[in-house]
Amino acid sequence: MTIAAPLPDDATIRALRRRITRPIVLVGMMGVGKSTVGRKLASTLGMDFVDADEEIANAANMTIPEIFDLFGEAYFRDGECRVIARLLEEKGSDCVIATGGGAFVQHRTRELILDRGIAIWLDSDVETLVERVSRNDKRPLLRDGDTRQIVSRMKNDRAPAYSLAPIKVQSDTGPHSVAVARILEELDAWV
């Protein structure tokens with residue numbers, strides 16, 4: 001069991017927040033906790049939180065699986081890039097953005113995030129990812145095949161792209177506050 005790391009005191013968090021001049025963008029595999037950790041991180045820093053997948057679904061007026069089914073992954077990735085570009089532009093430095101698992105793998109989207117945001121790779125081991133993604137049967141890329149094999153292959157294939165993020169933080173099975181504390185520590189050293 002992971003023991004929860006204490007968050008920094010309020011004065012330290014406020015001082016860190018003043019040094020953040022771009023949106024924080026969480027990248028990494030599906031199931032790693034980008035949305036849950038992102039909400040907690042945004043709340044801790046007094047920032048807004050946006051889930052890019054929710055914004056994509058709202059813009060398209062359909063679910064992510066529907067977009068994949070009707071138009072395919074390439075169409076989805078193009079829309080995803082446009083939505084993330086809009087979020088980076090509109091939200092400025094007052095936002096934590098959680099991206100979908102494949103967003104940072106796309107060259108154009110990755111370049112936008114690296115240029116306009118602070119990319120943080122939230123990583124986890126395969127066992128944790130499989131346990132978490134198995135709770136949701138609506139993930140288009142996990143529909144056909146063995147979940148463990150698909151997740152292992154995707155994690156291996158995507159790691160080179162994720163490793164281009166300037167900050168990497170491990171997300172374990174313990175409380176999400178541990179990942180938030182790790183992010184704050186890494187941000188403090190980076191900004």
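Residues numbered from 1 in each chain as written. Predicted model: local features only at pLDDT ≥ 70, side-chain atom pairs only at ≥ 80, totals over all residues. Heavy atoms only, no water.

Let's talk about the packing of aromatic side chains
By the definition in use, this model includes three aromatic pairs. With a centroid separation of 5.8 Å and 40° between ring planes, the pair formed by Trp121 and Tyr162 is classed as tilted. Separated by 41 residues along the polypeptide, Trp121 in strand β4 (residues 118-123) and Tyr162 in helix α8 (residues 147-162) bring together distant segments of the chain. A relative accessible area of 1% places Tyr162 in the buried class. The side chain of Lys168 reaches across the aromatic face of Trp121, ending 4.4 Å from its centre. (Phe/Tyr/Trp six-rings, centres within 6.5 Å; stacked < 30°, edge-to-face > 60°. Helix = DSSP H or I, 4+ residues; strand = E, 2+ residues; numbered from the N terminus. Buried < 20%, exposed > 50% of the residue type's maximum accessible area, 1.4 Å probe, protein only. Lys NZ or Arg CZ within 6 Å of the ring centre and 35° of its normal.)

Describing the packing of helix α4 (residues 64-71) against helix α5 (residues 73-91)
Look at α4 against α5: their axes get within 7 Å of each other, and the N-to-C directions meet at 130°. As summarised for this structure, α4 and α5 are arranged oblique, according to the angle between their axes. Contacts between α4 and α5 involve Ile64, Ile67, Phe68 and Phe71 from the former and Glu73, Tyr75, Phe76 and Arg77 from the latter. Considering only residue class, the contact of α4 with α5 consists of six nonpolar, no polar and two charged. (Axes fitted to C-alpha atoms, helices over the stretch in contact; angles between N-to-C directions. Parallel < 35°, antiparallel > 145°, perpendicular 65-115°, else oblique. Contact = heavy atoms within 4.5 Å. Nonpolar A, V, L, I, M, F, W, Y, C, P; charged D, E, K, R; others polar.)

Some thoughts on α4
Listed in full, the buried residues belonging to α4 are Ile64, Pro65, Ile67 and Phe68. Along α4, the residues classed as buried sweep out an arc of 160° about the axis, all on the same side. Opposite the buried face of α4, at more than 90 degrees from it, the exposed residues are Asp69 and Leu70. In this fold, the buried residues of α4 make contact with α3 (52-60) and α5. (Arc of directions from axis to C-beta.)

Overview of the sheet that holds strand β2 (residues 48-51)
Strand order in the open sheet made by the five strands is β2-β3-β1-β4-β5, with parallel pairing throughout. Every other strand in the sheet has two partners, leaving β2 and β5 (167-170) as the edge strands with one partner each. Taking each pair of neighbouring strands and ignoring which way they run, the sheet shows an average axis angle of 25°. Where β4 meets β5, four bridges bridge the pair, whose relative direction is parallel. Paired with Leu122 across the bridge in β5 is Val169. Helix α2 (residues 34-45) contacts β1 (24-27), β2, β3 (95-98) and β4 of the sheet and is inclined by roughly 165° relative to β2. (Pairing = 2+ DSSP bridges.)

Digging into the pattern of salt bridges
One pass over the structure, following the stated rule, counts 13 salt bridges. In this structure, the salt-bridge partner of Glu54 is Arg39, at a minimum N-O distance of 3.4 Å. Placement of the pair is Glu54 in helix α3 and Arg39 in helix α2, with a sequence separation of 15 residues. What makes Glu54 partly exposed here is its relative accessible area of 43%. Here the salt bridges share partners, and the residues they tie into one network are Glu55, Arg86 and Glu90. (Salt bridge = Lys/Arg side-chain N within 4 Å of Asp/Glu carboxyl O.)

With respect to a nonpolar patch on the surface
Residues Leu70, Phe71 and Tyr75 make up a contiguous nonpolar surface patch of roughly 350 Å² in combined accessible area. Along the polypeptide, Phe71 turns up in helix α4. (Patch = residues over 30% accessible without salt bridge, like charges linked within 9 Å, V, L, I, M, F, W, Y side chains within 5 Å. Areas by Shrake-Rupley, 256 points an atom, 1.4 Å probe, with all protein chains shown as cover.)

A word on empty space enclosed by the protein
Across all of its chains, the model carries one cavity of 30 Å³ or more by this definition. Computed from the structure, the largest cavity encloses a volume of approximately 40 Å³. Around the largest cavity, the lining comprises ten residues; the ones closest to its centre are Asp172, Gly174, Pro175, Val178 and Ala179. For the lining of the largest cavity, the per-class residue count stands at three nonpolar, five polar and two charged. (1 Å grid on protein atoms, 1.4 Å probe; cavity = no way out; pocket = protein on both sides within 12 Å on 5 of 7 lines; lining within 4 Å. Points joined across faces, edges and corners; volume = space filled by probe spheres on them.)

Focus on the nonpolar core
Residues Ile24, Leu45, Ile120, Ile183 and Leu187 are the most contacted members of the largest nonpolar core, which totals 55 residues. With seven residues, the single largest contributor to this core is α5. Residues within four places of Ile183 in sequence aside, it is in contact with Leu26, Val37, Leu41, Ile120, Leu122 and Val169. (Core = buried A, V, L, I, M, F, W, Y, C linked by side-chain atoms within 4.5 Å.)

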